[in-house]
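Spelled out from the first residue to the last, the chains are:
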Amino acid sequence: WVEQVKKKGFDLEKDQVIPASSAYDILFATLKACAGRRFVKAGVIKMLNTVLQFVQPVLFNQLLTTIQEIDTREVYEGYMYAGLLTVSMLAKALTESNYFFDVWRVGWQLRSALTTAVYRKALRLSMAARQTKTLGEIVNLMQLDSTKIELFMTQAHLLWDGLFQIAGYM
């Protein structure tokens, strides 16, 4: 946060008021710097996981076709498709667990960063500013709103992945 504030040209030492439009830009840049890389990595893993989800029915169909046409096909083809199906299921399980680890970690990092930022800001409020906000509003910002962002991060990739799955199944 401090680095992003300095990049925008504000001085925190002088308790300079940051306009809301700049504050949103600074907040977004801070969150991106905190979790951007891991979140993008999780998106790539999610895409790979979805592709592996599409591969399994195709491999299963090939395995069944090989079993039905056992007279005209070699036996090793059936074993090959069964092995590929096993490997794809294992890879899907590993990518899915890695994806959930990454998005839950990103969500947790963002939640803790936002909770800490709101808490620090609440400690620095002047007496006049403290009278405009109730304790409940501050606790809401620290707990409920940051938890909503944490939970959103775990589901954010479903926005594009749902469309990708629909297109793939069509």
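Just above, that's the structure.
These lines cover the structure that appears in this document, whether it is placed above or below. None of these values were measured; they are calculated from a predicted model.

## Some details on the overall build of the chain
Moving on, step 1. Along its length, the chain carries 6 helices and 0 strands.
Moving on, step 2. Each helix and strand of the chain, ordered N terminal to C terminal, gives the series α-α-α-α-α-α.
Moving on, step 3. Here the C-alpha atoms of the chain give a radius of gyration of 25 Å, more than 25% beyond the 15 Å that 2.2 N^0.38 yields for 170 residues.
Moving on, step 4. Taking the principal axes of its C-alpha atoms as reference, the chain extends roughly 85 × 30 × 25 Å.
Moving on, step 5. When burial is assessed residue by residue, the chain has 28% of its 170 residues classed as buried.

## A short note on the pattern of salt bridges
Moving on, step 1. According to the stated counting rule, one finds 5 salt bridges in the structure shown.
Moving on, step 2. The residue Asp102 makes a salt bridge to Arg38 at a minimum N-O spacing of 3.1 Å. One end of the pair, Asp102, is in helix H3 (residues 75-123); the other, Arg38, is in helix H2 (residues 20-68), with 64 residues separating them in the sequence.
Moving on, step 3. Residue Arg38 is classed as partly exposed on the basis of its relative accessible area, which comes to 24%.

## Observations regarding the nonpolar core
Moving on, step 1. Grouped together as the largest cluster of nonpolar side chains are 6 residues: Leu31, Ala35, Val106, Leu110, Leu114 and Met153.
Moving on, step 2. Residue assignment for this core shows that the elements contributing at least two residues are H2 and H3.
Moving on, step 3. It is H3 that provides the largest number of residues to this core, a total of 3 residues.
Moving on, step 4. Met153 has contacts with Phe39, Val103, Val106, Gly107 and Leu110, leaving out every residue within four places of it along the chain.

## Description of the packing of H3 against helix H5 (residues 135-155)
Moving on, step 1. Two elements in contact, H3 and H5, have axes whose closest approach is 8 Å; the angle formed by their N-to-C orientations is 160°. In terms of orientation, H3 and H5 fall into the roughly antiparallel class. The handedness of the crossing between H3 and H5 is right-handed.

## Structural notes on the environment of Lys8
Moving on, step 1. Mapped onto the elements of the fold, Lys8 is located in helix H1 (residues 2-8).
Moving on, step 2. Sequence separation between Lys8 and Phe39 is 31 residues; the distance between their C-alpha atoms is 24 Å.
Moving on, step 3. Other than its neighbours up to four places away in sequence, Lys8 contacts Asp25 and Ile26.

## Describing the side chain of Thr154
Moving on, step 1. Examined against the element boundaries, Thr154 turns out to sit in helix H5.
Moving on, step 2. Those residues in contact with Thr154 that sit more than four places away from it in its chain are Tyr99, Val103 and Trp104.

## Some points on H5
Moving on, step 1. In this model, H5 (21 residues) spans 30 Å end to end at C-alpha, consistent with the 30 Å of a helix rising 1.5 Å per residue.
Moving on, step 2. Listed as buried for H5 are Ile138, Met142, Ser146, Glu150, Met153 and Thr154.
Moving on, step 3. Looking at the buried residues of H5, the elements they touch are H2 and H3.

## Details of the environment of Ser112
Moving on, step 1. With respect to the helices and strands, Ser112 occurs in helix H3.
Moving on, step 2. Residues Ser112 and Pro19, 93 residues apart in the sequence, show an inter-C-alpha distance of 24 Å.

## Things to note about the packing of aromatic side chains
Moving on, step 1. What the rule picks out here adds up to 4 aromatic pairs.
Moving on, step 2. With centroids separated by 5.1 Å and ring planes inclined at 85°, the aromatic side chains of Phe54 and Tyr169 adopt a geometry described as edge-to-face. Of this pair, Phe54 sits in helix H2 while Tyr169 sits in helix H6 (residues 158-169); the two residues are 115 residues apart in sequence, bridging distant segments of the chain.
Moving on, step 3. Residue Tyr169 is classed as partly exposed on the basis of its relative accessible area of 49%.
Moving on, step 4. Taking 5.1 Å as the distance between ring centres and 65° as the angle between the ring planes, the aromatic pair formed by Tyr99 and Phe100 counts as edge-to-face.
Moving on, step 5. Ring pairing ties together the aromatic residues Phe54, Trp160, Phe164 and Tyr169, which thus form one cluster.

About the thresholds
- Residues numbered from 1 in each chain as written.
- Predicted model: local features only at pLDDT ≥ 70, side-chain atom pairs only at ≥ 80, totals over all residues.
- Heavy atoms only, no water.
- Helix = DSSP H or I, 4+ residues; strand = E, 2+ residues; numbered from the N terminus.
- Rg over C-alpha atoms; globule rule 2.2 N^0.38 Å.
- Buried < 20%, exposed > 50% of the residue type's maximum accessible area, 1.4 Å probe, protein only.
- Salt bridge = Lys/Arg side-chain N within 4 Å of Asp/Glu carboxyl O.
- Core = buried A, V, L, I, M, F, W, Y, C linked by side-chain atoms within 4.5 Å.
- Contact = heavy atoms within 4.5 Å.
- Axes fitted to C-alpha atoms, helices over the stretch in contact; angles between N-to-C directions.
- Parallel < 35°, antiparallel > 145°, perpendicular 65-115°, else oblique.
- Left-handed = near helix turned anticlockwise from the far one by under 90°.
- Expected span 1.5 Å × (residues − 1).
- Phe/Tyr/Trp six-rings, centres within 6.5 Å; stacked < 30°, edge-to-face > 60°.

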